[in-house]
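# What the coordinates show
If you want the building blocks of each chain, they are given just below.
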Amino acid sequence: VKLEGADSQRLRTVETLVRGGIAVMGHIGLTPQSYSTLGGFRAQGRKGKQAVDLIRQAKLLEMAGAFATVIECVPDEVGKAVTEEVSIPTIGIGAGGYTSGQVLVYHDLLGMMQHPHHAKVSPKFCKQFSAVGVTIHEALQDFAAEVRSGQFPGTQFSPYKMMKGEHEEFRRMLEEGAHSQVARPSHHNPAEHDDEPFGKLY
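Figured I'd write up the structure that's included with this text. (Residues numbered from 1 in each chain as written. Predicted model: local features only at pLDDT ≥ 70, side-chain atom pairs only at ≥ 80, totals over all residues. Heavy atoms only, no water.)

## Some thoughts on the sheet that holds strand β4 (residues 90-93)
Across the sheet, which stays open at both edges, the 5 strands sit in the order β1-β2-β3-β4-β5 with parallel pairing between neighbours. The outermost strands of the open sheet, each flanked by one partner alone, are β1 (2-4) and β5 (101-102). Packing of helix α2 (residues 48-64) onto the sheet brings it into contact with β2 (25-29) and β3 (68-72), and relative to β2 it is tilted by some 170°. (Pairing = 2+ DSSP bridges. Helix = DSSP H or I, 4+ residues; strand = E, 2+ residues; numbered from the N terminus. Contact = heavy atoms within 4.5 Å. Axes fitted to C-alpha atoms, helices over the stretch in contact; angles between N-to-C directions.)

Structure representation (structure tokens):
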């Protein structure tokens, strides 16, 4: 699991989880789950005292048993200093190029969101490597249009057929009103009673 922050309560949680055999990754700098306590989505460690505190947090997380730590939205020299001061890997997201590894939110990286609001709030550190959101949007429009017109699913994508002779039996039962004879459900397992196996899904 990944836990944000490094206050005393969070450190105790990390220690407890690690003792229970659960691997924990830390997360310092901008902590999105508690961004409101930081004054919003703002870069962290821009002042000397804050930067030193981030190093302290990273060390405490390592001592508590974290196997790695994410560092988010800090100056590159702060990411570098944190990485040099701990022996566990650091994963940067908007933390410069000196961390042990890098990560981005794949929705941002792939350009999945095309709403104008998303473009306004996309983080400055995120490079968009593609614009699949355009393709996704077009595909969803095509899907909706085919559903409305009745083109989809059509016979091509309605592959499941009743077993031989069962269609006639089904129609006969409907005509006789078998579907109106509703009883309380029982623990029925069709696989135990049907003579034929289920149809293949793929």
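## Focus on a nonpolar patch on the surface
Nonpolar side chains collect at one region of the surface, where Phe143, Val147, Phe152 and Phe157 lie side by side and expose about 380 Å² of accessible area between them. For Phe152, the position within the fold is in the loop between α6 (132-149) and α7 (166-175). Phe152 gets classed as partly exposed once you look at its relative accessible area, which sits at 32%. (Patch = residues over 30% accessible without salt bridge, like charges linked within 9 Å, V, L, I, M, F, W, Y side chains within 5 Å. Areas by Shrake-Rupley, 256 points an atom, 1.4 Å probe, with all protein chains shown as cover. Salt bridge = Lys/Arg side-chain N within 4 Å of Asp/Glu carboxyl O. Buried < 20%, exposed > 50% of the residue type's maximum accessible area, 1.4 Å probe, protein only.)

## Quick word on the packing of aromatic side chains
This model, assessed by the stated rule, comprises 1 aromatic pair. Ring centres 5.9 Å apart and planes at 65° place the aromatic pair Phe143 and Phe152 in the edge-to-face group. The class for Phe143 is partly exposed, based on a relative accessible area of 45%. (Phe/Tyr/Trp six-rings, centres within 6.5 Å; stacked < 30°, edge-to-face > 60°.)

## What to know about unusual backbone geometry
In this model, Phe152 is joined to Pro153 through a cis peptide bond whose omega is 10°. Structurally, the position occupied by Pro153 is in the loop between α6 and α7. Phi is positive for Cys73, which is not a glycine, with a value near 55°. Using a relative accessible area of 13% as the deciding quantity, one classes Cys73 as buried.

## Remarks on the pattern of salt bridges
A full pass over the atoms with the stated rule returns 6 salt bridges. Of the charged contacts, one joins Lys59 and Glu85 as a salt bridge, the two residues approaching to 3.3 Å between their closest N and O atoms. With Lys59 in helix α2 and Glu85 in helix α3 (residues 76-85), the pair connects residues that are 26 residues apart, well separated along the chain. For Lys59, a relative accessible area of 34% puts it in the partly exposed group. For Arg172, the salt bridge identified is with Glu176, shortest N-O distance 2.7 Å. The partly exposed category is assigned to Arg172, whose relative accessible area is 34%. By relative accessible area, Glu176 is classed as exposed at 55%. Linked through salt bridges whose partners overlap, the residues forming this network are Glu169, Arg172 and Glu176.

Distances and angles like these do not, on their own, reveal function.
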